[in-house]
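Take a look at the letters that make up each chain.
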Amino acid sequence: MVQPSEAPPGATPPGGSEPPSAEPPSGAPAGSTPPSADLGQRLLELAGELVNIPSVSGSEADIASFAESILCSRNNLEVVRLGDNVLARTKGARTARILLAGHLDTVPPPSGPAATGSGARIEGGVLEGLGAVDMKGGVAVLLELTKEAAAAEVEVTVLLYACEEVGRARSGLLALARERPDLLACDAAVLAEPTAGVVEAGCQGTLRLQVTLAGKRAHTARPWMGTNALHRLAGVLGVLDTYAARTASLDGCEFVESLQAVGARSGIAGNVVPDLVELDINYRFAPDRTAEDAIAHVRETLESGGFGGDPGDRLVVVDVAEGALPSFGSPLLASLATATGRPPKAKVGWTDVAFFAGRGTPAVNFGPGDPSLCHSPGEHVSAGELADVYTVLQGVIGVNRGTPPLRHG
Ligand SMILES: [Zn+2]
């Protein structure tokens, strides 16, 4: 356990210094400080400190130490560090446990003309910088919320993990599941990934396939002696181009599927009829399909474009991850959805919600910031967005319940 005195140089002592006096957000009448201004400013400052600790995937040691030092300063929390994953939890006897999670890593900083420096810039109640949205704003909310965990009506686990932005095999969640699965036990999980303060329920599955279309090699001067595999691709691409994607409506959330060709290779020489095409395909499928259903559906679709017409045709699954159904049967997640005051939406990408769903734990994404800014050079999050999400989560864990969430722009 790292003691607070070991926080990285330049870091605010955890739970320590008072935030600077909050300026009214731009647009607010002068002299009328909204009640959330102090909270929003405090969250913005903390998120800024997190942004100022570089934490590209695989280099999360410093930010994990910073988070750990904050968590260790809270009362009545058990703090566990496993590699660069840090977890804090209450250890009372309340009947339900909610797990609130966020990843500590970011993608690498932008280079070239888009590079504007990755450090934190705070102006007019808005924080800009690498990871401001994805997802140091969310991590700041979770760290701050641990102040309230001891007074919550439910048991609370806050989990901050490493290596979300890279290959699945390196995920801090998988390391925790292998080494300390007991720490992941909970009745519901919330991933504070940016969702613009709306509950994003479930997630789509993803399937990557490599399809091989076979032919027969011949001299281009005598093409009738062979079968051009590349020409056969036209039928398959035609089917993909006109594919009518299904929309699955599940628990009021619309999951729009998509099927796309994402790469192709063929050709031997300028005077040879090619006998092989390799086509890469990505299918994003609604969570009411299993992996087997998804594979069967793509195979059937491709067959309508001529796939399977040659005994040499092959379909190989490169990678498949099932999605997760919305889980509003969970009272905790239902109360979260209600507390936001906005209807939940489907998550179109694949997220770690599926990791929890795969363990039988209902989970959703819910966090501050515009998700369309993720991994973009202009990432920014506002004090109001942070305060809104904080207030909703505060109500869900049973602190300050009944205070209506502030509606930020
Ligand atoms: Zn993220």
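Quick caveat, the model's predicted, so the values are computed rather than measured.

*Asks:* Got a sec to walk through the overall build of the protein chain? Specific residues and values, please.
*Replies:* For the protein chain, the helix and strand inventory stands at 9 helices and 19 strands. Taken across its 409 residues, the protein chain has 46% of its residues classed as buried. Here the contacts in the protein chain between residues at least 6 apart in sequence split such that 77% fall between residues at least 24 apart.

*Asks:* Quick rundown of the sheet that holds strand β5 (residues 126–128)? Include the residues and the values.
*Replies:* One open sheet accounts for 3 strands, arranged β4-β5-β19; its pairing is antiparallel. Of all the strands in the sheet, just β4 (121–123) and β19 (380–382) have a single pairing partner and so form its edges. Neighbour-to-neighbour, the strand axes of this sheet turn through a mean angle of 20°, independent of strand direction. When β5 meets β19, the two strands line up antiparallel, connected through 3 bridges. The residue of β19 that forms the bridge with Leu127 is Val381. Packing against the sheet, helix α1 (residues 37–51) makes contact with β4, β5 and β19, and its axis sits at approximately 5° to β5. Each of β5 and β19 is contacted by helix α3 (residues 132–145), which is oriented at about 35° to β19, the strand it contacts most.

*Asks:* Outline unusual backbone geometry, supporting the account with residue identities and numerical values.
*Replies:* The linkage connecting Asp134 with the following residue, Met135, adopts the cis geometry, with an omega of -10°. You can see Met135 is positioned in helix α3. In this structure, Ala196 is a non-glycine residue whose phi angle is positive, near 60°. Tracing the backbone through its elements, the reader meets Ala196 in the loop between β7 (188–191) and β8 (200–201). In this structure, His375 takes a positive phi of about 65° despite not being glycine. Summarising the element assignment, His375 is placed in the loop between β18 (363–365) and β19.

*Asks:* Break down the packing of α3 against helix α9 (residues 383–396) for me, citing the residues and quoting the values.
*Replies:* Two elements in contact, α3 and α9, have axes whose closest approach is 10 Å; the angle formed by their N-to-C orientations is 40°. Taken together, the axes of α3 and α9 are oblique relative to one another. Two packed elements cross with a definite hand, and for α3 against α9 that hand is right-handed. In contact with Gly137, Ala140, Val141, Glu144 and Leu145 of α3, α9 contributes Leu386, Val389, Tyr390, Leu393 and Gln394. For the contact of α3 with α9, the residue count by class is 7 nonpolar, 2 polar and 1 charged.

*Asks:* Break down the confidence of the model for the protein chain for me, citing the residues and quoting the values.
*Replies:* Of the residues in the protein chain, 87% reach a pLDDT of 70 or more, and the chain-wide mean stands at 88. Long-range and interchain partners of residues 1–31, a stretch whose pLDDT sits below 50, account for 53 contacts in this model, where long-range means more than four residues apart. Contacts from residues 403–409, a stretch scored under 50 in pLDDT, to residues over four places away or in other chains number 16 contacts.

*Asks:* Tell me about the sheet that holds strand β17 (residues 345–346), and name the residues and values.
*Replies:* Ordered in space as β1-β2-β6-β3-β7-β18-β8-β17, the 8 strands form an open sheet in which the pairing is mixed. The sheet is open, and its two borders are formed by β1 (78–82) and β17, each paired with just one other strand.

*Asks:* Could you give an account of the environment of Leu145, with specific residues and numbers?
*Replies:* Within the secondary structure, Leu145 sits in helix α3. Exposure remark for Leu145: the 22 C-beta atoms within 10 Å place this residue in the buried category. Leave out the neighbours within four places in its chain, and Leu145 touches Leu100, Tyr390, Leu393 and Gln394.

*Asks:* Help me get a handle on the pairing of strand β2 (residues 85–89), residues and values and all.
*Replies:* Burial of β2 is extensive: 5 of the 5 residues sit out of reach of the surface. Burial along β2 is two-sided: Asn85, Leu87 and Arg89 and Val86 and Ala88, pointing in opposite directions, are all buried. Examined bridge by bridge, β1 and β2 share 5 bridges and lie antiparallel to one another. Opposite Val79, over in β2, you have Ala88 as the bridge partner. Strand direction decides the pairing type here: β2 and strand β6 (residues 155–161), joined by 4 bridges, are antiparallel. Each bridged residue has a counterpart across the sheet, and for Arg89 the counterpart in β6 is Thr157.

Conventions and cut-offs
- Residues numbered from 1 in each chain as written.
- Predicted model: local features only at pLDDT ≥ 70, side-chain atom pairs only at ≥ 80, totals over all residues.
- Helix = DSSP H or I, 4+ residues; strand = E, 2+ residues; numbered from the N terminus.
- Buried ≥ 20, exposed ≤ 12 C-beta atoms within 10 Å, placed from the backbone.
- Contact = placed C-beta atoms within 7 Å.
- Pairing = 2+ DSSP bridges.
- Axes fitted to C-alpha atoms, helices over the stretch in contact; angles between N-to-C directions.
- Parallel < 35°, antiparallel > 145°, perpendicular 65-115°, else oblique.
- Left-handed = near helix turned anticlockwise from the far one by under 90°.
- Nonpolar A, V, L, I, M, F, W, Y, C, P; charged D, E, K, R; others polar.
- pLDDT = per-residue confidence, 0-100.

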